[in-house]
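One letter stands for each residue in the lines below.
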Amino acid sequence: MVIKMVKTLNGFDNLYYEISNEPYNEVKDSSLVDKWHEHMAALIRKTEAPLPKKHLVAANQAIVDNNNVDIANYHYVHISNIPGFDSLLRLHKVISMDETMGSLRDADVNDVRVEAWDFILHGGGAYNNLSWEYTPLHPQGTPGADTVRQYLQHLQQFMGNFRYAQMQYSPQVLTDAPSGAITRVLAEAGKQYALYIHHSKPSDAVPQRNNFISKYEADTGSHRDTLRLSLPAGTYIVKWYNPLKGTWTPANRVYLPVNASHTFYTGLFTTDIALRILRR
């Protein structure tokens, strides 16, 4: 069946193969799960080898360090006893979050927004939230679904301003972070920087290892933050972005004659804000 699927779908671009969903659930011997995954990943590779197109292969939790796996897929903001997110980034593979509490059955539109933005600005490569909003009775989506899609569009528009594939998660650039907020930094050192600040519960950017966190709870109050970034000497074009409204502030120019830690001020915002810094 797998061979038939891989051959039949080879001509399509917009797909990747995930071997299994949550394969370790209620399993006593995980080694058998891993062996089966290794076999299936190798089978997909072998089947596609003589075919024109090669597709990415994803694994959920199991064998994410296997050479035949391109996408390491995990669920929710933080699950107990899985590798820390930063250690996953060291795999140099696409990190995916394709099951979340980012559905209006379990969260509100602001929770969904900060979850998606936080993941992508943390270095994630694929985000696909569970969505119960589209049903046969409501194919256009239940109330709020259009707002969620709008927020995800804002995320896409913001990231479309960067050479995203050249960037990596770079928390070391942040020399002074806002208090009581989570701040994420993507950077191509000396060239482009993308920052995201959100006020949510939990406010700890690195949850305790055994603490299961299904989603963020967005703080919809007003905030004004200050942060400092370590930047090389040069001239930078700086613009703030509103993830809620999808709007930009006017561009400002920052000139640093020497390498320096520069202070940025957000202005007043609700819940979250993003920053684009491009070197001229």
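In what follows, the structure referred to is the one given above.
About the criteria used
Residues numbered from 1 in each chain as written. Predicted model: local features only at pLDDT ≥ 70, side-chain atom pairs only at ≥ 80, totals over all residues. Heavy atoms only, no water. Helix = DSSP H or I, 4+ residues; strand = E, 2+ residues; numbered from the N terminus. Rg over C-alpha atoms; globule rule 2.2 N^0.38 Å. Buried < 20%, exposed > 50% of the residue type's maximum accessible area, 1.4 Å probe, protein only. Contact = heavy atoms within 4.5 Å. Areas by Shrake-Rupley, 256 points an atom, 1.4 Å probe, with all protein chains shown as cover. Lys, Arg positive; Asp, Glu negative; His and termini not counted. Charge placed at Lys NZ, Arg CZ, Asp CG, Glu CD. Core = buried A, V, L, I, M, F, W, Y, C linked by side-chain atoms within 4.5 Å. Phe/Tyr/Trp six-rings, centres within 6.5 Å; stacked < 30°, edge-to-face > 60°. Lys NZ or Arg CZ within 6 Å of the ring centre and 35° of its normal. Axes fitted to C-alpha atoms, helices over the stretch in contact; angles between N-to-C directions. Parallel < 35°, antiparallel > 145°, perpendicular 65-115°, else oblique. Left-handed = near helix turned anticlockwise from the far one by under 90°. Nonpolar A, V, L, I, M, F, W, Y, C, P; charged D, E, K, R; others polar. Pairing = 2+ DSSP bridges. Expected span 1.5 Å × (residues − 1). Polar contact = N/O pair within 3.5 Å; in protein donor to acceptor, adjacent residues only side chain to side chain.

Draft legend 1. Here's a closer look at the overall build of the protein chain. Along the protein chain, the regular secondary structure elements total 5 helices and 19 strands. In terms of overall size, the protein chain behaves like a compact globule, its C-alpha atoms giving a radius of gyration of 20 Å where 280 residues would be expected to give roughly 19 Å. Here the protein chain, with 280 residues, has 45% of them falling under the buried criterion. Counting contacts in the protein chain only where the partners sit at least 6 residues apart, residues at least 24 apart contribute 67% of the total. When the accessible surface of the protein chain is totalled, it reaches about 14500 Å², and 52% of it is carbon and sulfur. In the protein chain, the 27 positive side-chain charges and the 27 negative ones have mean positions that sit 9 Å from each other.

Draft legend 2. Structural view of the nonpolar core. In terms of nonpolar packing, the biggest core is built from 35 residues, with Trp117, Leu121, Phe158 and Met159 touching the most fellow members. Broken down by secondary-structure element, the contributors of at least two residues to this core are strand S3 (71-75), strand S4 (94-99), helix H4 (109-121), helix H5 (145-159), strand S8 (182-188) and strand S9 (192-198). Take this core: its biggest share by element is 8 residues, from H4. When sequence neighbours within four positions are dropped, the list of residues in contact with Met159 reads Ile120, Leu121, Tyr164 and Leu186. If you look at the next biggest cluster of nonpolar residues, it comprises 21 residues, including Ala187, Tyr193, Phe269 and Ile273.

Draft legend 3. Main features of the packing of aromatic side chains. The final tally for this structure, using the stated rule, is 9 aromatic pairs. Consider the rings of Trp117 and Phe158, whose centres lie 5.3 Å apart with planes at 40°: the pair is tilted. One end of the pair, Trp117, is in helix H4; the other, Phe158, is in helix H5, and 41 residues separate them in sequence. In this structure, Trp117 and Phe158 share a single accessibility class: buried. A network of ring pairs unites the aromatic residues Trp117, Phe158, Phe162, Tyr196, Tyr241 and Trp248 as a single cluster. The ring of Trp132 carries the charged tip of Arg105 above its face, separated from the ring centre by 4.3 Å. In this structure, Arg276 packs its charged tip against the face of Trp248, placed 5.0 Å from the ring centre.

Draft legend 4. Looking closely at the packing of H4 against H5. Here H4 crosses H5 at 25°, and the two axes come no closer than 9 Å. When the interaxial angle is binned, H4 and H5 end up roughly parallel. Along this stretch, H4 crosses H5, giving a crossing that reads as right-handed. Here Val109, Asn110, Val112, Arg113, Ala116, Trp117, Ile120 and Leu121 of H4 come into contact with H5, specifically with Thr147, Val148, Tyr151, Leu152, His154, Leu155, Phe158 and Met159. Across the contact of H4 with H5, the residue classes break down as 12 nonpolar, 3 polar and 1 charged.

Draft legend 5. Main features of the sheet that holds strand S13 (residues 226-231). With antiparallel pairing, the 3 strands of this open sheet are ordered in space as S7-S13-S17. Two strands close off the open sheet at either side, each with one partner strand: strand S7 (174-176) and strand S17 (260-265). If you compare each strand with its neighbour and ignore which way they point, the axes differ by 40° on average. Alignment of S13 against S17, held across 6 bridges, turns out to be antiparallel. Paired with Ser230 across the bridge in S17 is Ser261.

Draft legend 6. Inspection of unusual backbone geometry at higher detail. A cis geometry characterises the amide bond from Lys201 onward to Pro202, with omega recorded as -5°. A positive phi is found at Glu22, a non-glycine position, where the angle reads about 45°. Positive phi, close to 75°, is recorded for Gln61, a residue that is not glycine.

Draft legend 7. Representation of H5 in the model. Helix length check: H5, at 15 residues, gives a terminal C-alpha distance of 21 Å against a target of 21 Å (1.5 Å per residue), a fit within 8%. Of all the residues in H5, the buried ones are Ala145, Val148, Tyr151, His154, Leu155, Phe158 and Met159. Lining the buried residues of H5 we find H4, S8, S9, strand S14 (234-242), strand S15 (247-248) and strand S19 (272-279).

Draft legend 8. Focus on the sheet that holds strand S1 (residues 17-18). If you trace the 5 strands from one edge of the open sheet to the other, you get S1-S2-S3-S4-S5, paired in parallel fashion. Either end of the sheet is taken by a strand with one partner, and the two such strands are S1 and strand S5 (126-127). In terms of strand pairing, S1 meets strand S2 (residues 57-60) through 2 bridges, oriented parallel. Looking at the pairing, Glu18 lines up with Ala58 of S2.

Draft legend 9. H4, seen in detail. Its 13 residues give H4 an end-to-end C-alpha distance of 18 Å, which sits within 8% of 18 Å, the value for a rise of 1.5 Å per residue. Judged by how many residues are buried, H4 sits mostly within the fold: 13 of 13 residues are covered. Where H4 begins, the capping side chain belongs to Asp108, and its oxygen is found 2.9 Å from the backbone nitrogen of Asn110.

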